[in-house]
There are 2 protein chains.
Amino acid sequence: MFELTDEYIHQLREAILDDNKQFVESRLEELLPQDIASVVPELEMAQARYIFNLLDQKHQALVIRELDENFRVEFLETFSAEEIANYLNLIDSDDAADILNEQENPEEIIEKITDEAKAKDLKDLLHYDDDVAGGLMQKELIRANLNWSVNKCVEEMREQAKRVGKLYSVYVVDDSDKLLGRVSVKKMLLSEEETMVSDIYDSEIISVDAFMKANEVAELMKKYDLVAVPVVNNYGKLLGRITIDDVVDVITEKAEIDMQVMSGITSPVEEEDSIWDLTRSRLPWLLVGLAGGILGAQFLGLFEGMLSKVTAMAFFIPLITATGGNVGIQSSSLIVQSLARDPNFNDFSFHRFGKGFLLAFINGLAIALVVGLVNLLLMNDLKLSMVVSVALFHVVIFSSFLGTITPLILHRFGVNPAVASGPFITTLNDLLGLGVYFIIAAALY
Amino acid sequence: MFELTDEYIHQLREAILDDNKQFVESRLEELLPQDIASVVPELEMAQARYIFNLLDQKHQALVIRELDENFRVEFLETFSAEEIANYLNLIDSDDAADILNEQENPEEIIEKITDEAKAKDLKDLLHYDDDVAGGLMQKELIRANLNWSVNKCVEEMREQAKRVGKLYSVYVVDDSDKLLGRVSVKKMLLSEEETMVSDIYDSEIISVDAFMKANEVAELMKKYDLVAVPVVNNYGKLLGRITIDDVVDVITEKAEIDMQVMSGITSPVEEEDSIWDLTRSRLPWLLVGLAGGILGAQFLGLFEGMLSKVTAMAFFIPLITATGGNVGIQSSSLIVQSLARDPNFNDFSFHRFGKGFLLAFINGLAIALVVGLVNLLLMNDLKLSMVVSVALFHVVIFSSFLGTITPLILHRFGVNPAVASGPFITTLNDLLGLGVYFIIAAALY
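Residues numbered from 1 in each chain as written. Chains lettered and ligands numbered in written order. Predicted model: local features only at pLDDT ≥ 70, side-chain atom pairs only at ≥ 80, totals over all residues.

Engineer: Explain the pairing of strand 2 (residues 169-173) of chain B to me, please; I cannot follow it from the model alone.
Structural biologist: Put simply, side chains in a regular strand alternate between the two faces of the sheet. All names here are of chain B. Among the five residues that make up strand 2, four are buried, leaving the element largely enclosed by the rest of the structure. Pairing analysis gives five bridges linking strand 2 to strand 3 (residues 179-184), with the strands arranged antiparallel. Counterpart to Val173 in the pairing with strand 3 is Leu179. Joining the antiparallel neighbours strand 2 and strand 3 is a turn of five residues, in which Asp177 adopts a positive phi near 70°. (Buried ≥ 20, exposed ≤ 12 C-beta atoms within 10 Å, placed from the backbone. Helix = DSSP H or I, 4+ residues; strand = E, 2+ residues; numbered from the N terminus. Pairing = 2+ DSSP bridges.)

Engineer: Sorry if this is basic, but what is going on with the environment of Gly292(B) here?
Structural biologist: Note on placement: Gly292(B) falls in helix 17 (residues 275-301). With 23 C-beta atoms counted inside 10 Å, the residue Gly292(B) sits in the buried group. Residues Gly292(B) and Thr426(B) lie 134 residues apart in sequence; the distance between their C-alpha atoms is 9.4 Å. The residues contacting Gly292(B), other than those within four sequence positions of it, are Ala322(A), Thr427(B), Asp430(B) and Leu431(B). (Contact = placed C-beta atoms within 7 Å.)

Engineer: Can you walk me through the interface of chain A and chain B in this structure?
Structural biologist: When the parts of a complex come together, some accessible area is lost, and that lost area is often taken as the interface size. In this complex, chain A contributes 92 residues to the contact, which on the side of chain B involves 92 residues. The greatest single-element share of the side of chain A that touches chain B, amounting to 16 residues, is contributed by helix 17 (residues 275-301) of chain A. Of the residues in the side of chain A that touches chain B, the class split is 49 nonpolar, 27 polar and 16 charged. (Nonpolar A, V, L, I, M, F, W, Y, C, P; charged D, E, K, R; others polar.)

Engineer: Explain the environment of Gln138(B) here, please?
Structural biologist: Residue and element names in this part refer to chain B. Along the chain, Gln138 falls in the loop between helix 11 (133-136) and strand 1 (142-145). Classification of Gln138 by C-beta neighbours within 10 Å gives buried; the count is 24. Along the chain, Gln138 and Ala360 lie 222 residues apart, while their C-alpha atoms are 49 Å from each other. The residues contacting Gln138, other than those within four sequence positions of it, are Asp92, Ser93, Asp94, Gly240, Arg241 and Thr243.

Engineer: Whenever I open this one, helix 5 (residues 57-66) of chain B confuses me. Can you help?
Structural biologist: Because an α-helix completes one turn every 3.6 residues, residues spaced three or four positions apart along the sequence face the same direction. Those residues of helix 5 of chain B that fall on the buried side of the exposure criterion are Gln60(B), Ala61(B), Val63(B), Ile64(B), Arg65(B) and Glu66(B). Contact partners of the buried residues in helix 5 of chain B: helix 3 (33-39), helix 4 (45-53), helix 6 (69-76), helix 7 (81-88) and helix 8 (93-102) of chain B.

Engineer: Would you mind going over unusual backbone geometry with me for this structure?
Structural biologist: Glycine aside, the phi torsion of most residues is negative, and most peptide linkages are trans. Its identity is not glycine, yet Asn380(A) carries a phi of approximately 55°, on the positive side. The residue Asn380(A) is located in the loop between helix 21 (350-379) and helix 22 (382-412) in this model. The phi dihedral of Asp19(B) falls on the positive side, at around 55°, and the residue is not glycine. Structurally, Asp19(B) is set in the loop between helix 1 (6-17) and helix 2 (21-29). Accessibility expressed as a C-beta count within 10 Å gives 9 for Asp19(B), which makes it exposed.

Engineer: Whenever I open this one, the relation of the copies chain A and chain B confuses me. Can you help?
Structural biologist: Taken together, a rotation about one axis and a shift along it account for how the two chain copies relate. Note on the copies: chain A fits chain B at an RMSD of 0.1 Å, the axial shift is 0.0 Å, and the rotation between them is 180°. Look at the turn and shift together and you get a two-fold axis relating the two. Interface overlap between copies is the fraction of interface residues in one copy that are interface residues in the other; for chain A against chain B it reaches 100%, indicating a shared surface. (Least-squares fit on C-alpha atoms with pLDDT ≥ 70 in both.)

Engineer: So what exactly am I meant to see when it comes to the packing of helix 1 (residues 6-17) of chain A against helix 2 (residues 21-29) of chain A here?
Structural biologist: Residue and element names in this part refer to chain A. Running from amino to carboxyl end, helix 1 crosses helix 2 at an angle of 140°, the nearest separation of the two axes being 8 Å. For the element pair helix 1 / helix 2, the angle class is oblique. Contacts between helix 1 and helix 2 involve Leu12, Ala15 and Ile16 from the former and Phe23, Val24 and Arg27 from the latter. Its residues assigned to classes, the contact of helix 1 with helix 2 shows five nonpolar, no polar and one charged. (Axes fitted to C-alpha atoms, helices over the stretch in contact; angles between N-to-C directions. Parallel < 35°, antiparallel > 145°, perpendicular 65-115°, else oblique.)

Engineer: Please explain the sheet that holds strand 6 (residues 238-243) of chain B as it appears in this structure.
Structural biologist: Hydrogen bonds between backbone atoms are what pair the strands of a sheet, whose relative direction is either parallel or antiparallel. Residues and elements named next belong to chain B. Ordered in space as 4-5-6, the three strands form an open sheet in which the pairing is mixed. Single-partner strands in this sheet number two, and they are strand 4 (208-209) and strand 6. By the bridge criterion, two bridges tie strand 4 to strand 5 (residues 228-232) in an arrangement that is parallel. Bridged to Val208 within strand 5 is Val231. The sheet contacts of helix 16 (residues 244-262) involve strand 5 and strand 6, and relative to strand 6 the element is tilted by about 60°.

So this is what it looks like as structure tokens:
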């Protein structure tokens, strides 16, 4: 497999500067479009163009398809609308539509596409947002009329297959293009030539509406092990198909976004993004954390008398808040995971809360005992040790409950529940922990 | 789409208790195996068997294939080795091998499989761990000899396709079964019958070694948009193929595990697991957090004099630790993400640390100013406000650095870097934050 190293880029750069076409071409021949697309952004723009010009047009189009979006926008600025149109003509409509959506002048580019059918397909696809089925689908697919024979079907497939990237199944439609079912390529091969499509097609077909959410499409294809799913409109008319590779990207992206949300990053960013974007994505939750911290300081101010009498109470503030935070996030992440697997799962069940309580009870007891023993040994202060242990026990129970219920509530209100596994729950738990600690102390001192 | 509801289960249960076969059968006819597999675990074991007995053997096998692993183990205990063997004979070898691996007596079951080729395939597959390519691969694939004609090839495909679940491409081998390349089904359809396989096959084929890590296989298939990849041994002999649906599961599982690791859960668990498993997966990091908290208490003990003089200093402990934790996790999660995308990325680059520093500088300054102003307004204590702000500024810088370097170091030592986005970094940052706060206070007071 190809591995991009600094030495590799260095060698390539030198060869380009020396105008050593032979060396560069021999390097490029070893690479797949995906590899070239990972090399190109590491070079200066002029060097990238140099490499690009050594490829034939089909390869150029494939490399453009694979480029990182940010780099692609910049790179394509050096091409005319007509040149871009020619590239789009060479790749599948879903990828072409994605590229068009990044451009400032998509209509102008579409006008320059010579293949009229392709231009029309792309115009259609531009209507869909990229988080719905229509935004993932491609127009290229193989359709067969219900009344064809297998022989006629295979002939048509040969013709249509020239336009279609990957062949999975043949979609069966009626005369008005309404989706009726499918025939797998395998079944087509196993059937006699005179068989009618209507005799062998499978009418129990899973299809999705063009406006179904991309995440739901991904869950559906994963659950039913589909490599492709047809997309229909309200009237059941066949519009296109979604292939598994696009759905793999959706799944990966969803996981990355959840991870960022859990880490308190508000908008999807990458390390490569600008300082300004990175700051903007980080500051909001930091400010929420600050507000929580200032509120906490105000709260502690109410107990100034107690703190100045028993200074040692302050020593355990970090222990209390950290334990609350850790327990809360552990609890919430399992709920977030269950919700990700099945957004309709029976959420507020008694069983769930009962089990959560038992778990918190055991963990809380274990923690209270361990810390109590250690504190007694280290401090020889029975009263403070007791206050800390009793507080920890309650903090574990409350944080666990808060960690369970917060993602469920957020989910009910349509907010990504992963938010509840990040700074939000930590901030809440800090305040909760401090409250429990000082109220128990006030009761025992 | 099918949606599992409490009412649905309730109705079904009633019908089973009334022995209303007709109703239950009409319900089952509407469902796909994946749906039945989600219904069955909601019922009592005897009710599950009742439903199961209404299905034909092929459907039974498909439902078993789709069952949740924990439930499946329990469910299959009520079947004989011979019955299980018959089911395994009806599903693809990769799924069959997964089920065998869950059983206590896999060899006994294999012996009862009547299809000798299948039994041999399964014996082979049992040798591989489930985190390598061999553990994901299936033996079913279509192979063509280099010297065949397209006509002969299509004939053979028809024969072989009976055993193969999904048809993607035809793998081309020489007489000793060495993998030479592939022909797509599409190309096969587009070629004349007399064409030789050797004239149309694509020799630039991506294959993986049977011992390649599952995660790497997933990255590879994702990067190159592959729906199937052939698996070979050291000598290039074709062993099997891995299909995209298995890789989608690997990607999802990796994301779930990373999320759990980030949440301080040590071993992969689900909400449904036993209290004991859940406790065991949670306690370790909670104890690490406790150790950190106790260490923190000891550290604060060193500043008892200062704390009893300036009680208000204690008020800001939660603010300091929370900010350190939030910043640290934000920084580490972006590194974890970059590492997940490309495990070989140029990690300790000057550019990365420079940018991270600039970002931390801006965030730190913003935070210090905001908190400083608010504190001045609320407390009217210039000195303490300054101490808190200066400390926060430094905490942001240090936590950001720690959050950047910790996952990189863990990755170098072969530990999942996601560990660094959880309680580990929070604990470190709590201690770091306290240190910075009190050292600055000691300098300024």
